[in-house]
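Inside the fold
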Amino acid sequence: MTGESFAATGLEPLELRSVLSRERSRVEAALERAVEGLAERLPEGPASAVRYGVLSGGKRLRPILCAAAYRAGGGGDGDGIYDVAVSLELIHAYSLMHDDLPCMDDAELRRGRPTAHRIHGVTAAMNGGAILIPAAAVQAWTASRALGCREEASREIVATLCRAAGAAGMVGGQMLDLKAEGRRLSAEELDELHRMKTGALLAAAPRIGGLASNATEETLQGLSRYGRAVGLAFQITDDILDATSTAGELGKNPSDRELEKSTYVSLHGLEHAREQAESVRRRAREALSEAGLRAPLLAALADYAVRRRR
Ligand code: GRG
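Read on for a plain summary of the structure. (Residues numbered from 1 in each chain as written. Predicted model: local features only at pLDDT ≥ 70, side-chain atom pairs only at ≥ 80, totals over all residues. Heavy atoms only, no water.)

**Some remarks on the overall build of the protein**
In plain terms, the rule: Elements are defined by DSSP. Helices are runs of H or I of four residues or more, strands are runs of E of two residues or more, and each kind is numbered from the N terminus. This radius of gyration counts C-alpha atoms alone. The globule rule is 2.2 Å times how many residues there are, raised to the power 0.38. Partly exposed residues are those whose accessible area sits between 20% and 50% of the maximum for their type, while under 20% is buried and over 50% is exposed, using a 1.4 Å probe and protein chains only. Note on contacts: a residue pair is in contact if any heavy atoms of the two residues lie within 4.5 Å. When charges are counted, Lys and Arg are positive and Asp and Glu negative, with His and the chain ends excluded. Every charge is mapped to an atom, namely NZ of Lys, CZ of Arg, CG of Asp or CD of Glu.
In terms of regular secondary structure, the protein is built from 15 helices and two strands. For 310 residues, the compact-globule estimate of 2.2 N^0.38 gives 19 Å, and the C-alpha radius of gyration of the protein, at 18 Å, lies within 12% of that figure. Projecting the C-alpha coordinates of the protein onto the three principal axes gives extents of approximately 50 × 45 × 35 Å. Each of the 310 residues in the protein was classed as buried or not, and the buried ones make up 55%. In the protein, of all internal contacts separated by at least 6 residues, the share reaching a separation of at least 24 is 73%. For the protein, the separation between the mean place of its 40 positive charges and that of its 42 negative charges on side chains is 2 Å.

Structure (structure tokens):
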């Protein structure tokens, strides 16, 4: 991240680093509240896998996007939105636990640590991941009601989360990914796969924040456009990092190269992938200004999605 890139957002790099660190602390606290409430009612195996899979670091970008959009939409600065926002992270954590299983990517390393099934066993990681799916929906419902959202808004928040996680979103994208094994995808097929597998949940994050803040329809549409662009920029960058970093730098393995997956880099080349990421990052920022949203953190998060190192 260069000073130049953040100056335009109103957040200098050092400032963004400290804002992100403060945001992550608030997300971690909400995750601990959510996981303790859940794990204490579970048998030891899945309880340990859930704690391990959820409370194991990570960038926490989805809940941070959600909370930032809530404030951009006129919500206050209380902790309640983080309890709503972590519903996205519970879905994300389950997807990583399941993605790492031997029947999927058979991964050893995630976030710089052994994967959940390597520590807690395949059954506990599988069950713990499955428990997180309905738990995330319940979390979104109870936390949004506690925040004071109208029943209609809470329903829409839960529906947005479930749609993004489901067959038209993340799970559908993963099915396309599994079906693509050993085959080179066309550019259109790869766009569709990424839009669903990674983009849908990232795009849902600012929309959920907007819904929780009772934002206007115009703001919601702007946040959705912004979220779709951030999701795509994030995924193109993931492909670039996968092609240019070591497992140690990324804290995960195997790489897409090792799995012989189609990526933006394998299809379009590194330079073109970088240009695409840059152009989608600009599109994300334009979506904010077109909707009349003055949201320096959301703008800086679009930059962060492409300028991160892991
Ligand atoms: C049964 C078909 C089927 C699916 C189950 C496993 C699964 C659901 C979905 C997989 C979705 C998946 C693994 C998407 C990858 C998304 C992605 C880019 C993850 C990395 O996100 P970061 O960088 O991770 O935000 P951190 O570690 O920072 O949280």
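**Re unusual backbone geometry**
A cis amide bond links asparagine 253 with the next residue in sequence, proline 254, at an omega value of -5°. Looking at where proline 254 falls in the secondary structure, it is placed in the loop between helix 12 (247–250) and helix 13 (264–268). In this structure, arginine 111 takes a positive phi of about 50° despite not being glycine. By the element assignment, arginine 111 lies in the loop between strand 1 (109–110) and strand 2 (113–114).

**Some words on the site of the ligand**
Which entries qualify depends on this criterion: By convention in this text, a residue qualifies as near a molecule or strand provided that one of its non-hydrogen atoms is within 4 Å of it. Polar contacts here mean pairs of N or O atoms no more than 3.5 Å apart (in protein, one a potential hydrogen donor and the other a potential acceptor; neighbouring residues in sequence count only if both atoms are side-chain atoms).
In the region of the ligand, 19 residues are neighbours, and Lys59, Arg62, His92, Arg111 and Phe234 sit closest. At 2.8 Å from an oxygen atom of the ligand is found a side-chain nitrogen or oxygen belonging to arginine 62. The contact in question runs from an oxygen atom of the ligand to an N or O atom on the side chain of arginine 111, over 2.7 Å. Looking at the shell around the ligand, the elements with two or more residues in it are helix 5 (80–99), helix 9 (170–179), helix 10 (187–212) and helix 11 (217–244).

**Some words on the packing of helix 4 (residues 61–72) against helix 11**
Rules: Between N-to-C directions, angles span 0 to 180 degrees; the directions come from axes that are lines fitted to C-alpha atoms, helices contributing only their stretch in contact. Angle categories are assigned with fixed cut-offs, so that under 35 degrees is roughly parallel, over 145 is roughly antiparallel, 65 to 115 is roughly perpendicular, and the rest are oblique. In this scheme, a crossing is called left-handed if the near helix is turned counterclockwise away from the far one by less than a right angle; it is called right-handed if the turn is clockwise. Nonpolar residues are Ala, Val, Leu, Ile, Met, Phe, Trp, Tyr, Cys and Pro. Charged residues are Asp, Glu, Lys and Arg, and all others, Gly as well, are polar.
Two elements in contact, helix 4 and helix 11, have axes separated by 12 Å at closest approach and are oriented at 155°. With respect to helix 11, the element helix 4 is oriented roughly antiparallel. Helix-helix and strand crossings are classified by hand; for helix 4 and helix 11 the assignment is right-handed. Across the interface between the two elements, Leu61, Arg62, Leu65 and Ala69 from helix 4 touch Leu223, Tyr226, Val230 and Phe234 from helix 11. Its residues assigned to classes, the contact of helix 4 with helix 11 shows seven nonpolar, no polar and one charged.

**Some words on the nonpolar core**
To be explicit about the condition: Residues enter a nonpolar core if they are buried and are Ala, Val, Leu, Ile, Met, Phe, Trp, Tyr or Cys, with the set joined through side-chain atoms within 4.5 Å.
Residues Leu65, Leu132, Tyr226, Leu298 and Leu301 are the most contacted members of the largest nonpolar core, which totals 97 residues. In terms of residue count, the dominant contributor to this core is helix 5 (11 residues).

**Regarding the packing of helix 3 (residues 44–54) against helix 5**
Two elements in contact, helix 3 and helix 5, have axes whose closest approach is 9 Å; the angle formed by their N-to-C orientations is 105°. It follows from the interaxial angle that helix 3 and helix 5 lie roughly perpendicular. Taking contact as the criterion, the partners of Ala49, Val50, Gly53 and Val54 in helix 3 are, on helix 5, Leu90, Ala93 and Met97. Here the residues of the contact of helix 3 with helix 5 sort into six nonpolar, one polar and no charged.

**Points about helix 10**
This is how it is decided: Here a helix's expected span is defined as the number of its residues, less one, multiplied by 1.5 Å. Here the bend at a residue is taken as the angle between two axes, fitted respectively to the seven residues that end there and the seven that start there.
Its 26 residues place the ends of helix 10 35 Å apart at the C-alpha level, agreeing with the 38 Å of an ideal helix rising 1.5 Å per residue. Its maximal kink placed at glycine 199, helix 10 deviates by approximately 55°. At the exit of helix 10 stands asparagine 214, carrying a positive phi of roughly 65°.

**Quick notes on the state of the cysteines**
Just so we agree on the cut-off: Note that a disulfide, as used here, is simply two cysteine sulfur atoms within 2.5 Å.
With the rule as written, the count across this model stands at zero disulfides. In this structure cysteine 66 is a free cysteine whose sulfur lies 9.8 Å from that of cysteine 149, the closest cysteine sulfur available. Judged by its relative accessible area of 0%, cysteine 66 falls in the buried class.

**Describing the pattern of salt bridges**
This is how it is decided: Throughout this description, the term salt bridge denotes a Lys or Arg side-chain nitrogen within 4 Å of a carboxyl oxygen of Asp or Glu.
Per the counting criterion, the structure on display carries 28 salt bridges. In this structure, arginine 155 and glutamate 152 form a salt bridge, with 2.9 Å as the shortest nitrogen-oxygen distance. Here the residue arginine 155 and the residue glutamate 152 both occupy positions in helix 8 (residues 151–165), the gap between them amounting to three residues, near one helical turn. Residue arginine 155 is classed as partly exposed on the basis of its relative accessible area of 44%. One network of salt bridges, with partners in common, ties together Glu278, Arg281, Arg282, Arg285, Asp303 and Arg307.

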